[in-house]
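Breakdown of the fold
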Amino acid sequence: MLVQYNSSARHGHLSDQTQQKISEKAEKLHRFFDRITAIEVTVDLEHHEESVDVEIRASAERTDAFVAKDSASELFAALDGVLRKVEQQLRKHKERLKTGHRQPGRKQMAPPLEGESDSD
């Protein structure tokens, strides 16, 4: 499946080499969940002397977007932190899909056996 990738910077500019490294790291998210259709990375350099803010939004089929933010003193430290957060969200979502996270409805629940009551 082809994943659309987009990176952008607020309040500054990222070199082509930096954008390439960011895209290589972000595209690894596809390993965790193969239904990802788009990945958007936004780097906010407004206070880059103090910290760099990075946000990732990963869109996937038949689910809400996975969004995470992180900030650190260096760009790639913030990127690694936000990637870990999205990976955790993707793993948790995939596990829910595998285990059928839903509770059985009333129709699927077995009726109480004779002699059992809810007041026990």
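Residues numbered from 1 in each chain as written. Predicted model: local features only at pLDDT ≥ 70, side-chain atom pairs only at ≥ 80, totals over all residues. Heavy atoms only, no water.

1. A closer look at the pattern of salt bridges
Which entries qualify depends on this criterion: A pairing counts as a salt bridge when a side-chain nitrogen of Lys or Arg comes within 4 Å of a carboxyl oxygen of Asp or Glu. Numbering of helices and strands starts at the N terminus; helices are DSSP runs of H or I of at least 4 residues and strands are runs of E of at least 2. Buried, partly exposed and exposed residues are distinguished by accessible area as a fraction of the type maximum, computed with a 1.4 Å probe on protein chains only: under 20%, between the cut-offs, and over 50%, respectively.
Under the definition given, this model contains 3 salt bridges. Between Lys25 and Asp80 there is a salt bridge, and its shortest N-O distance comes to 2.7 Å. Linking Lys25 in helix α1 (residues 16–26) with Asp80 in helix α2 (residues 75–99), this pair joins segments that are 55 residues apart in sequence. Assessed through its relative accessible area of 29%, Lys25 is described here as partly exposed. Accessibility expressed as a relative area gives 29% for Asp80, which makes it partly exposed. Note that Asp70 and Lys85 form a salt bridge whose closest N and O atoms lie 3.8 Å from each other.

2. As for α2
Rules: For a helix, the expected span equals 1.5 Å multiplied by the number of residues minus one. The contact rule is simple, with two residues in contact once any of their heavy atoms fall within 4.5 Å.
Across its 25 residues, α2 extends 36 Å between first and last C-alpha, which sits within 8% of the 36 Å expected from 1.5 Å per residue. Considered for burial, the residues of α2 that qualify are Leu75, Ala78, Leu79, Gly81, Val82, Leu83, Val86, Glu87, Leu90 and His93. Its buried side turned inward, α2 meets α1, β2 (36–44), β3 (52–60) and β4 (66–72). Positive backbone phi, approximately 65°, marks Gly100, located one or two places after α2.

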